[in-house]
Amino acid sequence: MAKSTVIPFGPQHPVLPEPVHLDLVLEDEKVVEAIPRLGFVHRGLEKLVEKKDYNQYVFITERICGICSFGHSYGYSQCVEHLMDIEIPPRAEYLRGIWHELSRIHSHLLWLGLAADSFGYENLFMQCWKIRERVLDIFEKTTGGRVILSACNVGGTLYDISDEELAGISNTLDIVRDEYSHITGAFLKDNSVRSRLVDVGYLSKQQALDLSIVGPFARASNVNNDVRCLGIGAYGELAEFEPIMSEGGDCFARVEVRAKEVFQSIDIVKELIDKIPAGEIFVKPKGSPAEGAEASMRLEQPRGECYYYARGNGTKFLDRFRIRTPTSINIAGMVTALKGCELADVPMIILTIDPCISCTER
Amino acid sequence: MPKYTDKFEEIDKSKIGEMAKSKKDTSARFINLHATTLGEDLFQLTYSFTTDGTPTENYSVKVTSADAVPSISDTFMTAFFFENEIHDLFGINIEGIILDYKGDFYQVALDRPMARPSTDEDMYSVNRKNDANTPVKDVDAVEKGGDE
């Protein structure tokens, strides 16, 4: 029997810009167990509801993560609106949907670029990020921000997008689709990429169900946990929505799902632009959340389902606010996918799960 | 537009294990577990589940720090993350976690930071641990034997 060795992975590692540590128990070159450790930069943002009222707290939620910043303000606002029984104008729902799907495009392009860099395809990395810049330019033009948008608030949105700008966004997305379609082949057809990804870090459908995995990680194992299927908000207005699924369960399937989701998000944004109704974008909330009132909300972030919970206490300050991020529930799946892999495949497996430690250490 | 629906239900803490097993048997998906401080040494644990196409089901349990709360991580492995988090941030004792960090999951500066409202004193307490503001030892002086 081979002797066990423990190799520390992280918290500083070239494949991850954020701190997560794994104790990898090896037998020869094979990983037999992986023990995760987080909490290096836990910021206690949930506790800040004591100091910031429910309107101010929107801007805290945006700062949980630089990639899903709009999504967190969207999910938080939806949760507080559900708590206070506020119905926002339809145009605001559409605008939120547009910005959220654009966030998904930029998040996936960022991740695909990082994945390309880890394969050693530096030019592909730069192409992905070049295309992503077009989406950030849309953010800047419509909200003034490229990372923190501050566009969403309890009651609707703070900015409107004119019809001319919406037409411009639609045209830009046509260019994005054209440019992106030229590089997707490198991810999905290249032999070198496939040899690094196919049959690596396998997670079966049953394991994904047992471990409550969410997001593209789950959809790559043929498990549909996509909250967009519930049709909440503007997603209910789409003519049809079928999540991108794969039966592969390996690293390649995760790349495939994210690569195809970029096209899907472009279609969603264009459809929402075509259908967006005219009207108000904001309704002023009245009063404060009732004492003891509770509400939950789920939103499909780029990395998967995010859960929000709010509890009122009769004042403008919430008693409790909770965010369960996709990565925190995917940690168990990551550890399972690592079992039995080769040491050299560990960085690629972790990368294809796309953990966001910034979200997890909220 | 379709509206999001959820439901909240309070259960007794003796029913936690039974509730988790019944959810597993009905192929429900575990979503979340978190704690809320309700008062002096009184907490609410909220367990959330869903079955595809149904409302989010939230089950709440009232506990104190003296209670031994049974872990559900043997039924839903993913819960180990949230149970360790609750132990470190609220000081709630959860028994039988399959991967128990025994209070070493989060590197927090205060004991049970979420168990009570924060005060200004917390920021400057001498009891803070892992305090980033603590001056780093003068390494050169230690090598010369001039500082302990």
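Residues numbered from 1 in each chain as written. Chains lettered and ligands numbered in written order. Predicted model: local features only at pLDDT ≥ 70, side-chain atom pairs only at ≥ 80, totals over all residues.

1. Section: the overall build of chain A
Note the threshold: By definition, any uninterrupted DSSP run of H or I lasting at least four residues is a helix, any uninterrupted run of E lasting at least two residues is a strand, and each is numbered from the N terminus. We compute the radius of gyration over the C-alpha atoms and compare it with the globule rule, which gives 2.2 Å times the number of residues raised to the power 0.38. Note on burial: count the other C-beta atoms lying within 10 Å of the residue's C-beta; 20 or more is buried, 12 or fewer is exposed, in between is partly exposed, and C-beta positions come from the backbone. We call two residues in contact whenever the C-beta atoms placed from their backbones are within 7 Å.
A tally of helices and strands in chain A yields 12 helices and 8 strands. Against the 2.2 N^0.38 benchmark of 21 Å for 362 residues, chain A shows a C-alpha radius of gyration of 21 Å, consistent with a compact globule. Within chain A, the proportion of its 362 residues that are buried is 54%. A fraction of 70% describes how many contacts in chain A between residues 6 or more apart in sequence connect residues 24 or more apart.

2. Topic: the pairing of strand S2 (residues 29-39) of chain B
All names here are of chain B. The cut-off we apply is this: A pair of strands is considered paired only if DSSP assigns at least 2 bridges between the two.
Burial analysis of S2 places 8 of its 11 residues in the buried class, the great majority of the element. Sheet topology places S2 next to strand S3 (residues 42-50); 9 bridges connect them, and they run antiparallel. Residue pairing for S3: leucine 33 is matched across the bridge by tyrosine 47. Here S2 folds back onto S3, and the loop between the two strands holds 2 residues, one of which, aspartate 41, carries a positive phi near 55 degrees.

3. Here we look at the environment of Gly292(A)
All names here are of chain A. Position of glycine 292 among the secondary structure elements: in the loop between helix H9 (251-275) and strand S6 (294-301). Given 11 C-beta atoms within 10 Å, glycine 292 falls into the exposed group. It is 43 Å that separates the C-alpha atoms of glycine 292 and valine 255, two residues lying 37 residues apart in sequence.

4. Details of unusual backbone geometry
Even without a glycine there, the phi angle at Asp354(A) is positive, about 55 degrees. When you line up the elements, Asp354(A) lands in the loop between helix H11 (346-353) and helix H12 (357-360). The phi torsion at Asp41(B) lies on the positive side, around 55 degrees, for a residue other than glycine. Along the chain, Asp41(B) turns up in the loop between S2 and S3.

5. A closer look at the interface of chain A and chain B
Let me state the cut-off plainly: The residue classification treats Ala, Val, Leu, Ile, Met, Phe, Trp, Tyr, Cys and Pro as nonpolar and Asp, Glu, Lys and Arg as charged. All others, Gly included, are polar.
The partner chain B presents 27 residues to the 33 residues of chain A that form the contact. At 5 residues, the largest contribution of residues to the side of chain A that touches chain B is made by S6(A). By residue class, the composition of the side of chain A that touches chain B is 11 nonpolar, 11 polar and 11 charged.

6. Some points on helix H2 (residues 69-84) of chain A
Residues and elements named next belong to chain A. Defined as follows: Each helix should span, by expectation, one fewer than its residue count multiplied by 1.5 Å.
With 16 residues, H2 extends 23 Å from end C-alpha to end C-alpha; this agrees with the ideal 22 Å at 1.5 Å per step. Buried residues dominate H2, accounting for 16 of its 16 residues. Aspartate 85, located one to two residues past H2, shows a positive phi value of around 55 degrees.

7. With respect to the sheet that holds strand S4 (residues 56-63) of chain B
Residue and element names in this part refer to chain B. Threshold: Orientation is described by lines fitted to C-alpha atoms, with helices fitted over the stretch in contact, and by angles between N-to-C directions that extend from 0 to 180 degrees.
Here we have 4 strands laid out as an open sheet, ordered S1-S4-S3-S2, and mixed in their pairing. For this open sheet the edge positions go to strand S1 (6-10) and S2, each flanked by a neighbour on one side alone. If you compare each strand with its neighbour and ignore which way they point, the axes differ by 20 degrees on average. Packing of helix H2 (residues 79-90) onto the sheet brings it into contact with S2 and S3, and relative to S2 it is tilted by some 10 degrees.

8. What to know about the sheet that holds S6(A)
All names here are of chain A. Taking strand neighbours across the sheet as the criterion, the 3 strands line up as S6-S7-S8 in an open arrangement whose pairing is antiparallel. If you trace the sheet from one side to the other, it starts and ends with S6 and strand S8 (318-324), each paired once. Between one strand axis and the next, the sheet turns through 15 degrees on average, direction left out of account. As paired elements, S6 and strand S7 (residues 304-312) share 8 bridges and run antiparallel to each other. Looking at the pairing, glutamate 300 lines up with glutamate 305 of S7. Along the sheet, H2 makes contact with S6, S7 and S8, crossing S6 at roughly 150 degrees.

9. With respect to the environment of Asp319(A)
With respect to the secondary-structure elements, Asp319(A) resides in strand S8. Sequence spacing of Asp319(A) and Pro8(A) is 311 residues, and the spatial spacing of their C-alpha atoms is 39 Å. If we ignore the near neighbours within four places in the chain, the residues touching Asp319(A) are Arg311(A), Gly312(A), Asn313(A) and Thr36(B).

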